[in-house]
Amino acid sequence: MSFEVISETACFGGTQGYYRHASETTKCDMRFSVFTPPQAKGGNVPVVWYLSGLTCTEDNATVKAGFQRVAAELGLMIICPDTSPRGDDVPDDEAYDFGMGAGFYVNATQAPWNTHFHMYDYVTRELPALISANFPADMDRQGITGHSMGGHGALTIFLKNRETYKSVSAFAPIVSPMNCPWGEKALTGYIGTDRTAWADYDACALLENGVAANAEILIDQGLADNFLEGQLKPELFEAACEKAGQKLTLRRHAAYDHSYFFISTFIEDHLRHHADALT
């Protein structure tokens, strides 16, 4: 449970920190950021996990999403993990959508990825244990959100761990990796060619298989998103939620794309959505 403080900076009355630790799960050093709100001076505070998308690190959302002001107002701790294992000994792929920066929040079973690429266990087990032991976090009040690949991670992790997470939201998520090029490549490489095994990491398939929750899911999607039709396909999740009786608010926004300008525009709505459930 030991970790290294890379930096800690005062921010909106709280602290924005960057940290590093040796991970047993991914067998390499992992970095993460934590925004600790000023309310933590008086006791443990609720936690919202932010899972980033392809090519990102723990730094992208921390710098670009603009969550600190509202998180400080609402008393929410925001944790941003990295998106994959990294290091000289970690296998990689030349493309941006596989390997480093593209862990897809799964536990890989195929060589050579199965040595390091266990991001599902890292995000749901190891890093929460480290946070619980070292930060003023109320682990009985956790929410999860994410963008694109991270939105896929947030939805699937929430649906599979309903006793852990009380709230969920996503920005332009990959809702069905079984049915888009990004997901098909990643799941084949990490999990193998047996599509039945893929369903455990597909939000639509989880709903179709009877995994639903009482909490309302919030999704924002830009209609100027270049990946909307080929990779994201929110209509698949909308249909799966309707069939499963899962409460969903899916907001479509004209002119907004896939960038952090889109995320920063709606991040306050998402944090208030989580605060309503957690505080």
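Each value, and the rule that gives it
- Residues numbered from 1 in each chain as written.
- Predicted model: local features only at pLDDT ≥ 70, side-chain atom pairs only at ≥ 80, totals over all residues.
- Heavy atoms only, no water.
- Pairing = 2+ DSSP bridges.
- Helix = DSSP H or I, 4+ residues; strand = E, 2+ residues; numbered from the N terminus.
- Axes fitted to C-alpha atoms, helices over the stretch in contact; angles between N-to-C directions.
- Buried < 20%, exposed > 50% of the residue type's maximum accessible area, 1.4 Å probe, protein only.
- Polar contact = N/O pair within 3.5 Å; in protein donor to acceptor, adjacent residues only side chain to side chain.
- Salt bridge = Lys/Arg side-chain N within 4 Å of Asp/Glu carboxyl O.
- Contact = heavy atoms within 4.5 Å.
- Phe/Tyr/Trp six-rings, centres within 6.5 Å; stacked < 30°, edge-to-face > 60°.
- Expected span 1.5 Å × (residues − 1).
- Bend = angle between axes of the 7 residues up to and from the residue.

1. With respect to the sheet that holds strand 3 (residues 28–36)
Strand order in the open sheet made by the nine strands is 1-2-3-5-4-6-7-8-9, with mixed pairing throughout. Looking at strand neighbours, the two that pair on one side only are strand 1 (4–11) and strand 9 (248–253), the edges of this open sheet. Neighbouring strand axes in the sheet, compared pairwise and without regard to direction, differ in orientation by 20 degrees on average. Relative to strand 6 (residues 137–146), strand 4 (residues 45–51) is paired through six bridges, and the arrangement is parallel. Note that in strand 6 the partner of Tyr50 across the bridge is Thr145.

2. Quick word on the environment of Asp194
Looking at where Asp194 falls in the secondary structure, it is placed in the loop between helix 5 (181–191) and helix 6 (195–198). On the basis of relative accessibility, which here comes to 43%, the residue Asp194 falls in the partly exposed class. On a C-alpha basis, the gap between Asp194 and Ile157 in space is 21 Å, while along the polypeptide they are 37 residues apart. Engagement of the side chain of Asp194 in a polar contact is seen with the side chain of Thr196, the distance being 2.5 Å.

3. A closer look at the pattern of salt bridges
Under the defined criterion, the tally for this structure stands at 14 salt bridges. The salt bridge involving Glu73 is made with Arg272; its shortest N-O contact spans 3.0 Å. A residue pair is termed long-range when its members are at least 10 positions apart, and Glu73 in helix 2 (residues 68–74) and Arg272 in helix 10 (residues 260–278) qualify at 199 residues. Given the relative accessible area of 29%, Arg272 is considered partly exposed. With its nearest N and O atoms 3.8 Å apart, the salt bridge here joins Arg125 to Asp121.

4. With respect to the environment of Trp182
Position of Trp182 among the secondary structure elements: in helix 5. The spatial distance from the C-alpha of Trp182 to the C-alpha of Ala255 is 24 Å, given a sequence separation of 73 residues. Not counting chain neighbours up to four residues away, the residues in contact with Trp182 comprise Leu54, Tyr96, Asp97, Phe104, Ser148, Ile174, Phe227, Gln231 and Leu232.

5. Some points on the packing of aromatic side chains
All told, the structure shown has 16 aromatic pairs when counted by the stated rule. Centre to centre, the rings of Phe98 and Trp113 are 4.7 Å apart; their planes meet at 75 degrees, and the pair counts as edge-to-face. Of this pair, Phe98 sits in the loop between strand 5 (77–81) and helix 3 (119–134) while Trp113 sits in the loop between strand 5 and helix 3, and the two are 15 residues apart along the sequence. Trp113 shares its class with Phe98; the two are buried. Ring plane angle 85 degrees and centroid distance 5.9 Å describe the contact between Trp113 and Tyr190, whose orientation is recorded as edge-to-face. Taken together, the residues span a long stretch of sequence, with Trp113 in the loop between strand 5 and helix 3 and Tyr190 in helix 5 at a distance of 77 residues. Chaining the aromatic ring pairs together yields one cluster made of Phe3, Tyr19, Phe32 and Phe135.

6. Overview of the pairing of strand 1
The sheet contact formed by strand 1 and strand 2 (residues 14–23) spans seven bridges and is antiparallel. When the bridges of strand 2 are listed, Val5 appears paired with Tyr19. Hairpin connection from strand 1 to strand 2: two residues lie between these consecutive antiparallel strands, with Phe12 at a positive phi of about 50 degrees.

7. Focus on helix 10
With 19 residues, helix 10 extends 25 Å from end C-alpha to end C-alpha; this agrees with the ideal 27 Å at 1.5 Å per step. The principal kink in helix 10, of about 45 degrees, is found at Phe266. Within the span of helix 10, buried status applies to Tyr260, Phe262, Ile263, Phe266, Ile267, His270, Leu271, His273, His274, Ala275 and Leu278. N-cap assignment for helix 10: the residue whose side-chain oxygen lies 3.2 Å from the backbone N of Phe261 is Ser259.

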